[in-house]
Amino acid sequence: MVARERDFTVPTVQLLTPEGQLRPSAEAEPYLHLVEALDDATLEQFYRDMVTSRRLDVAGANLQRQGQLALWVPSHGQEAAQVGSARASRPQDHLFPSYREHIVGIIRGLDPVAILSLLRGATLGGWDPAQNGNFHLYTLVLASQTLHATGYAMGIQFDGASGTGDPETDAAVLVYYGDGSTSQGDASEALVFAASYRTPEVFFVQNNQWAISVPVSRQSPSPLALRGTGFGMPSVQIDGNDVLASYAVTRQSLEEARAGEGPSFIEAVTYRMGAHTTADDPTKYRTQDEVDLWTTRDPITRYRAWLEGRGASAAFFDDVDAEAQDFAADVRRRALELPSPTRETIFEHVYHEPHPLMAEQYAWLDRFERSLDGSDA
Amino acid sequence: MSLAGDAIRRLDEPGTAEAQHQEVSVTNHSTAEASARPAQQDAEPAVRGVQTLSMAKAITAGLREALRADEKVLLMGEDIGPLGGVFRVTEGLQAEFGDRRVLDTPLAESGIVGTAIGLAMRGYRPVIEIQFDGFIFPAFDQITTQLSRINLRHGGAMPMPIVIRVPYGGHIGSIEHHQESPEAYFAHTPGLRVVSPSNPHDAYWMIQEAIASNDPVLYFEPKSRYWPKGPVDLDHAGIPLHESRIVRQGTDVTVVGHGAMVATLLQAADIAAGEGTSLEVVDLRSLSPIDYGPLLESVHRTGRLVVAQEAYGNVSVGSEIAATVAERAFYSLEAPVLRVSGFDTPFPPAALETEYLPSPDRVLEAVDRALAF
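In this text the structure is predicted, and so the values were computed from the model without any measurement.

Draft legend 1. View of the overall build of chain A. Scanning chain A from N- to C-terminus turns up 14 helices and eight strands. At 22 Å, chain A has a C-alpha radius of gyration in line with the 21 Å of a compact globule built from 377 residues. Oriented by its inertia axes, the alpha-carbon framework of chain A measures out at about 80 × 50 × 45 Å. Looking at the 377 residues of chain A, the share that counts as buried comes to 48%.

Structural data, given as structure tokens:
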């Protein structure tokens, strides 16, 4: 009897070592040219984006602690995965986030105050994707958005808006989810539909090791990168704390998707340095040793070391810090000025077309509330 | 004991299927003629007349009209392509419109609804076929947490013109999960619209109106009524999608139902007439929103109401109607609103379905109780 293979390890694409040296792994070699083609301004923008994200995390957590947000969802530790992949997208692409990709939205042109209005309890949505870089709404039921993204990609394909060979107009879809979400049925069904219809789409899984308090080992004994392979699409595991790997592999995958070569799957191995949300206490389920280990792999520290090695000036880093500080302060100020929603928004847009119950119940509530505060007099 | 296959095969019986086919062909023919003529603003619209169709074929014809009218309309479902669906409702449509308009999807209901949402975000108008009532639940999450709320989350900027067709209800002698009536789950969910035709004419028009709606519509097709034929006026729709209708006038007791139950109520009314009791029959047509106008008007006259449905009675559409009528017609009521429904058990093995499902006699028993007050 032949022993069955139980070794499920996969190679990892890494360009930057944790120490900040550009030393591509064997698997990364084919992607190196994509990084070499980047100019200094773009490389500096990656850094600026990552620092902005981390500074926004501080502002968001503070606002929550001060009672100004119901919840903050931190990205600390995942900046490279998010920035690299988002910077690989083109304006015509559509991005479907889960709920932790704040910097992805900002890169696509979204005002983060819109995200804060959602987390503040002022709206169930927050923005119109069509007006905000095709950055779709956060989806809180895990993996639901993987199917929406796949359907959208089917529509792009049916419209002949991909695969024409024109990189300026061919579009693709980039969908984000996490290691916990890979266990959801919808995530598997999305891979089935994407593979079946050969959608122009990239599945980008941020494996941050923890689904609230449950480790990724409970979701899967094998690398998540193998999930895509099993469904019939190219799958790559990357060092998710390496912004260059994230950029290069996503860029290559999106180009293939736009060119009509079908969907692909990326597992970005990263780490959630903070809590799942501000409602969580990670010291109850994971060790400080683990956190310390991942601190040595920090995405910003390593990228900064590399930029410094290439000759970036101290003034550049100081400027970025100051800009991020100003950005976060401005977001905070405007978040505090957000108006409270009015009672008619409970009923508005539940239906697109007129609905008798909405009109009736709003009229009743308005009358009732006015009778309490005397404004009906 | 007959299973689903027997019921389905009825469509293929010599004579029946052929006759239906010819009737639909007539529709094709006249439509083709109409479109062949140059469009002129002052031209009289082509009169297509009244045809006799089964509900299944009326829905086919309605789907064909919708596919022709708007290239963004897509059909999605399991086995709806070359096979034409297990009830043959989409028969011939993939051959006519191609596999980019009529999609045989992977076998995954949540996947079908979830990808339809993405397609609707892209501007498509997907029409989904769920194969059987009991198989809608894998998609329940996408329907209730996503589809129903996308327009709201986007502040009206992203309407969801999706229709979910659901063959539902008993009387076909089939196995578990093939005879259920899950409409209350969806009528309970804000953001969804829920309708159910009771006859071929309504089925033909209501499917087109549902597809034209910019809200998601659950379109429940009473599968025991797929085969009986009735007149379909191809030129005149009649009342709007969400209005109910008095289908038989009477003076003593109002009885209301939807889908297949309307035929049962009409049978009950015939029997009652023979016994000297006059029933007024209301066809609800829309379960969300519910049009209470004709119902209340009727109850104001009769003072008595019996609500009938195949679905479980507990926390059901019938419960809602009973509560609302009690609130709004309290001083007109001579008796409490009574409910006739499926029992609060899973749909039983088919050998027992005639005892489980409300029959004309069960309706008349409730009518007698209402009259006894």
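What follows picks up the thread again.
Draft legend 2. Broad picture of the overall build of chain B. For chain B, the helix and strand inventory stands at 14 helices and 14 strands. In chain B, buried positions account for 54% of the 373 residues. Taking the intrachain contacts of chain B between residues at least 6 apart in sequence as the baseline, contacts between residues at least 24 apart amount to 80%.

Draft legend 3. Spatial organisation of the sheet that holds strand β4 (residues 201–207) of chain A. All names here are of chain A. The parallel open sheet is built from six strands, whose spatial order is β1-β7-β8-β4-β3-β2. Two strands in the sheet have a free side with no partner beyond their single neighbour: β1 (12–13) and β2 (94–96). Pairing of β2 with strand β3 (residues 173–178) involves three bridges; the strand directions are parallel. Looking across to β3, one finds that F96 is bridged to V175. Each of β2, β3 and β4 touches helix α6 (residues 144–158); the most contacted strand, β3, lies at about 170° to it.

Draft legend 4. Structural detail: the UniProt feature "domain: Dehydrogenase E1 component" (unreviewed entry) in chain A. Per the UniProt annotation, the sites labelled "domain: Dehydrogenase E1 component" (unreviewed entry) are residues 48–312 of chain A. Within the segment residues 48–312 of chain A, helix and strand shares are 43% and 12% respectively, and the terminal C-alpha atoms sit 13 Å apart.

Draft legend 5. Structural detail: the domain arrangement of chain B. Residue and element names in this part refer to chain B. By domain assignment, chain B separates into domain 1 (4–21 + 48–233) and domain 2 (245–372). On a C-alpha basis, the centres of domain 1 and domain 2 stand 26 Å from each other. The interface of domain 1 with domain 2 comprises 23 residues on the first partner and 21 residues on the second. Looking at side-chain class alone, the side of domain 1 that touches domain 2 contains eight nonpolar, ten polar and five charged residues.

Draft legend 6. Looking closely at the confidence of the model for chain B. Residue and element names in this part refer to chain B. This prediction gives chain B a mean pLDDT of 91; 88% of its residues lie at or above 70. Confidence drops under pLDDT 50 across residues 1–41; counting only partners more than four residues distant or on other chains, this segment forms 41 contacts. Scored as a complex, the prediction yields pTM 0.93 and ipTM 0.97.

Draft legend 7. Examining unusual backbone geometry more closely. Of note, the bond from S288(B) into P289(B) is cis; its omega dihedral lies within 30 degrees of zero at -5°. Look at N134(A): it is not a glycine, yet its phi comes out positive at around 55°. Mapped onto the elements of the fold, N134(A) is located in the loop between α5 (112–119) and α6. A residue is classified by how many C-beta atoms lie within 10 Å of it, and N134(A), with 21 of them, is buried. Although it is not a glycine, R285(B) sits at a positive phi angle of roughly 65°. Examined against the element boundaries, R285(B) turns out to sit in the loop between β11 (279–283) and β12 (286–288). In this structure R285(B) comes out as buried when scored by C-beta crowding, with 26 C-beta atoms within 10 Å.

Draft legend 8. Expanded view of the packing of helix α2 (residues 40–65) of chain A against helix α13 (residues 314–336) of chain A. Residue and element names in this part refer to chain A. As a packed pair, α2 and α13 sit with axes 9 Å apart at the nearest point and diverge in direction by 40°. When the axis of α2 is compared with that of α13, the two are oblique. In this structure, α2 crosses over α13, and the sense of that crossing is right-handed. Residue-level inspection shows E44, Y47, R48, V51, T52, R55, L56, V58, A59 and L63 of α2 in contact with α13, the latter providing F316, V320, D321, E323, A324, Q325, F327, A328, V331, R332 and A335. Here the contact of α2 with α13 is built from residues that sort into 13 nonpolar, two polar and six charged.

Draft legend 9. Layout of the packing of helix α3 (residues 55–69) of chain B against helix α9 (residues 200–212) of chain B. All names here are of chain B. Direction vectors running N to C along α3 and α9 enclose 30°, while the axes themselves pass 8 Å from each other. Between α3 and α9, the interaxial angle falls into the category roughly parallel. Considering how the two elements wind past one another, α3 and α9 form a crossing that is right-handed. On α9, the residues that touch M55, A58, I59, A61, G62, L63, E65 and A66 of α3 are P200, A203, Y204, W205, I207, Q208 and I211.

Draft legend 10. View of the interface of chain A and chain B. Residue-level contacts link 31 residues of chain A with 32 residues of chain B. For the side of chain A that touches chain B, the secondary structure elements donating two or more residues are α6, α7 (185–197) and α14 (356–373) of chain A. For the side of chain A that touches chain B, the element with the most residues is α6(A), which contributes eleven residues. Each residue belonging to the side of chain A that touches chain B can be placed in one class, and the counts come to 16 nonpolar, eleven polar and four charged.

Thresholds applied
Residues numbered from 1 in each chain as written. Chains lettered and ligands numbered in written order. Predicted model: local features only at pLDDT ≥ 70, side-chain atom pairs only at ≥ 80, totals over all residues. Helix = DSSP H or I, 4+ residues; strand = E, 2+ residues; numbered from the N terminus. Rg over C-alpha atoms; globule rule 2.2 N^0.38 Å. Buried ≥ 20, exposed ≤ 12 C-beta atoms within 10 Å, placed from the backbone. Contact = placed C-beta atoms within 7 Å. Pairing = 2+ DSSP bridges. Axes fitted to C-alpha atoms, helices over the stretch in contact; angles between N-to-C directions. UniProt positions renumbered as here; feature names shortened; annotations may be inferred. Domains from an automatic or database assignment. Nonpolar A, V, L, I, M, F, W, Y, C, P; charged D, E, K, R; others polar. pLDDT = per-residue confidence, 0-100. Parallel < 35°, antiparallel > 145°, perpendicular 65-115°, else oblique. Left-handed = near helix turned anticlockwise from the far one by under 90°.

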